[in-house]
Amino acid sequence: MNQILRITPKDNVAVALAAIGKGEKLSVDGMDVVAADPIPAGHKIALCDIPEGEKVVKYGFPIGYAKSDIAAGSHVHVHNVHTCLSGELTYEWKPTYPAVEAAEAVTFMGYPRADGRVGVRNELWILPTVGCVNDVAKALEREAQKLVGGGVEVVNAFPHPYGCSQMGDDQENTRQILADLATHPNVGGVLVLGLGCENSGVALIEEHMGDYDKSRVRFLVCQQVEDEFEAAMALLEELADNMRGEKRVSCDASRLVIGLKCGGSDGFSGITANPVIGGFSDLLVARGGTTILTEVPEMFGAETILMDRCGTEELFNKTVSLINDFKRYFEEHHQTIYENPSPGNKAGGITTLEDKALGCTQKSGFAPVMDVLRYGERVKTAGLNLLSAPGNDLVAATALASSGAQIVLFSTGRGTPFACPVPTVKISSNTALAEKKHGWIDFNAGQLLTHGKSLPELSQMLMDYVLAVASGEKVCSERNGFHDLAIFKTGVTL
């Protein structure tokens, strides 16, 4: 295996594929360099002298500029590189609208729903409208495990701290996210559990649900009954009975909606896991399916790549607003837009937000952007969609589920055990992580570097794995019993 990788011919840095000692002689693309410093795995080494103020180029794009002269062979990282990014920008549309060739159909075994969508799970959920009834919901989850079986695959409760003492967008976001999840295709039955005096009570959640399948949803206001536990269990038993006879049937992969997210990234994420996910996205889109890319702050620095893949000026303008509105959100709260990457990202070799963003956006593959969604908005257009949500793993993954993703693909270089309301597939950027945390990691994209697998081969392997998960194969977080819900909070709490 080569010791360093130069991602594109334009790059003036290379990535260390393994730890490099000071004085080691290295070669890549006909260029020879001697390591002037120890270079940790995943970190960058200068392939030539980079004068102070000159751009540092990786992925073929600038990831920052040199804060001081950087000699060939030097370790290139936060100590000698600074971001080039600034605040809101004016953009020019330079369309490079890629063509998508249709591919042969593939199928999975799912649960068709009355609204035309398809579930990849048939679960019974308990959704509190307000944090005050979280403990009731958790107690119900424990008691209702006896209902699992037949068509009832899982019983899960989703406690959260919101639903009251909220104002403006926060209150609306809570209502919309809960309504989206109450009508999610992975749900065979759901109990919406309210208290009775909260701002976002069951009646308001039902209003936000629109035209829904009433056979699958029950509502309970705890203050209106003598024994909320007994009343709730009766409703859960009724829902479970309705689900008993439901079975999986063959469904076309065009019915799949897959969320794309990364977290705990390292210097390999943009080389292995994210391009593999991008390859998968292109394979699914070619079959008429849908993918959703989010975590807007981690697009900063790579946003023009996405903008140029917009097929219309209207979509381009929506993408510009997606980016600049999120920058404005930071500014209105008097926060630094570029307080990123995280300490874990930096330890893994990611230096600037541009470095992170250029790796992050590779999850989108090469397909055209077909739509741009508001936070909480349900996907309605097949193909690649962009969704407004922050970079926070739990909030962004919940937002993907809320928009209709039946599965979320989550790439990571450092590992994480969390899960959102839908199956959350953990894809490691490196083989060491996959071997160490086999109870967390579902798919090893590090094979691209350690097992001689090609990018197309791994992308197809991921496609096959996603179809298996969609057909019922459990991922690690499901086997561990993990499931989380996190709602985006932007403003005042009363």
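Placed above this text is the structure.
Just so you know, these numbers come straight off a predicted model, no measurement behind them.

Caption draft 1: Layout of the overall build of the chain. Looking only at helices and strands, the chain has 14 helices and 23 strands in total. What you see for the chain is a C-alpha radius of gyration of 23 Å, in line with the 23 Å of a compact globule of 494 residues. By its C-alpha atoms, the chain is 75 × 45 × 40 Å across when sized along the principal axes. Evaluated residue by residue, the chain yields a buried proportion of 58% over its 494 residues. Put simply, of all contacts in the chain between residues at least 6 apart along the chain, 71% involve residues at least 24 apart. Within the structure as shown, the chain displays about 19100 Å² of accessible surface, and the carbon and sulfur contribution to it stands at 52%. Mean positive and mean negative side-chain charge positions of the chain (43 and 61 charges, respectively) differ by 3 Å.

Caption draft 2: Structural context of the nonpolar core. Leu 256, Ile 258, Ile 407, Leu 409, Ile 427 and Leu 462 are the most contacted members of the largest nonpolar core, which totals 90 residues. Top contributing element to this core by residue count: helix H13 (residues 455–470), with 8 residues. The contact partners of Ile 258, leaving out residues within four places of it in the chain, are Phe 280, Leu 284, Thr 290, Thr 291, Ile 292, Ala 405, Ile 407, Leu 409 and Val 466. Counting 24 residues, the second-largest nonpolar core is a separate cluster that includes Leu 220, Cys 222, Ala 232 and Ala 240.

Caption draft 3: The environment of Asn 340, seen in detail. If you trace the backbone, Asn 340 turns up in the loop between helix H7 (313–332) and helix H8 (343–347). For the pair formed by Asn 340 and Asp 213, sequence separation is 127 residues and the distance between their alpha carbons is 42 Å. Aside from chain neighbours lying at most four places away, what touches Asn 340 is Glu 298, Asn 345, Leu 353 and Lys 356.

Caption draft 4: Seen up close, the sheet that holds strand S11 (residues 118–119). Pairing in this open sheet of 3 strands is antiparallel, and the strands run S11-S10-S16 from one edge to the other. Unpaired on one side and paired on the other, S11 and strand S16 (249–252) mark the two borders of the sheet. Sheet analysis places strand S10 (residues 107–112) next to S11, joined by 2 bridges and oriented antiparallel. The residue bridging Pro 112 from the neighbouring strand is Val 118, located in S11.

Caption draft 5: Representation of the sheet that holds strand S21 (residues 407–412). The parallel open sheet is built from 7 strands, whose spatial order is S19-S20-S18-S17-S21-S22-S23. Two strands in the sheet have a free side with no partner beyond their single neighbour: strand S19 (369–373) and strand S23 (443–444). Note: strand S17 (residues 257–262) against strand S18 (residues 290–293), 4 bridges, orientation parallel. Note that in S18 the partner of Ile 258 across the bridge is Thr 291. Across the face of the sheet, helix H10 (residues 393–402) comes into contact with S17, S18, strand S20 (383–387) and S21 while running at roughly 170° to S17.

Caption draft 6: Seen up close, the pattern of salt bridges. Enumeration according to the criterion identifies 23 salt bridges in this entry. For Arg 6, the salt bridge is made with Asp 29, and the minimal N-O distance between the two is 3.7 Å. Of this pair, Arg 6 sits in the loop between strand S1 (4–5) and strand S2 (13–16) while Asp 29 sits in the loop between strand S3 (25–28) and strand S4 (31–34), and the two are 23 residues apart along the sequence. Among the residues examined, Asp 29 registers a relative accessible area of 53% and is labelled exposed. Lys 380 is paired through a salt bridge with Glu 377; the nearest N and O atoms lie 2.6 Å apart.

Caption draft 7: Spatial organisation of the packing of helix H2 (residues 168–182) against H10. Look at H2 against H10: their axes get within 9 Å of each other, and the N-to-C directions meet at 55°. In this view, H2 runs oblique relative to H10, as classed from their interaxial angle. Taking contact as the criterion, the partners of Ile 177, Asp 180 and Leu 181 in H2 are, on H10, Thr 398, Ala 401 and Ser 402. A class-by-class count of the residues in the contact of H2 with H10 yields 3 nonpolar, 2 polar and 1 charged.

Caption draft 8: Highlighting the environment of Met 109. When you line up the elements, Met 109 lands in strand S10. With relative accessibility at 35%, the residue Met 109 sits in the partly exposed group. In this structure, the C-alpha to C-alpha distance between Met 109 and Arg 121, residues 12 residues apart in sequence, is 9.8 Å. Apart from residues no more than four positions distant in its own chain, Met 109 is found in contact with Arg 248, Val 249, Ser 250, Ala 470 and Ser 471.

Caption draft 9: Layout of the side chain of Asn 12. Along the chain, the position of Asn 12 falls in the loop between S1 and S2. Residue Asn 12 is classed as buried on the basis of its relative accessible area of 13%. Among the polar contacts listed, one links the side chain of Asn 12 to the backbone oxygen of Lys 55, at a separation of 3.0 Å. Beyond its immediate sequence surroundings of up to four residues, Asn 12 is in contact with Ile 45, Ala 46, Leu 47, Cys 48, Ile 50, Lys 55, Val 56 and Val 57.

Caption draft 10: How the structure looks around unusual backbone geometry. Here Ser 165, not a glycine, exhibits a phi torsion of approximately 60°, which is positive. You can see Ser 165 is positioned in the loop between strand S13 (155–157) and H2. Although it is not a glycine, Glu 295 sits at a positive phi angle of roughly 60°. Positionally, Glu 295 belongs in the loop between S18 and helix H6 (303–307).

Basis of the calculations
- Residues numbered from 1 in each chain as written.
- Predicted model: local features only at pLDDT ≥ 70, side-chain atom pairs only at ≥ 80, totals over all residues.
- Heavy atoms only, no water.
- Helix = DSSP H or I, 4+ residues; strand = E, 2+ residues; numbered from the N terminus.
- Rg over C-alpha atoms; globule rule 2.2 N^0.38 Å.
- Buried < 20%, exposed > 50% of the residue type's maximum accessible area, 1.4 Å probe, protein only.
- Contact = heavy atoms within 4.5 Å.
- Areas by Shrake-Rupley, 256 points an atom, 1.4 Å probe, with all protein chains shown as cover.
- Lys, Arg positive; Asp, Glu negative; His and termini not counted.
- Charge placed at Lys NZ, Arg CZ, Asp CG, Glu CD.
- Core = buried A, V, L, I, M, F, W, Y, C linked by side-chain atoms within 4.5 Å.
- Pairing = 2+ DSSP bridges.
- Axes fitted to C-alpha atoms, helices over the stretch in contact; angles between N-to-C directions.
- Salt bridge = Lys/Arg side-chain N within 4 Å of Asp/Glu carboxyl O.
- Parallel < 35°, antiparallel > 145°, perpendicular 65-115°, else oblique.
- Nonpolar A, V, L, I, M, F, W, Y, C, P; charged D, E, K, R; others polar.
- Polar contact = N/O pair within 3.5 Å; in protein donor to acceptor, adjacent residues only side chain to side chain.

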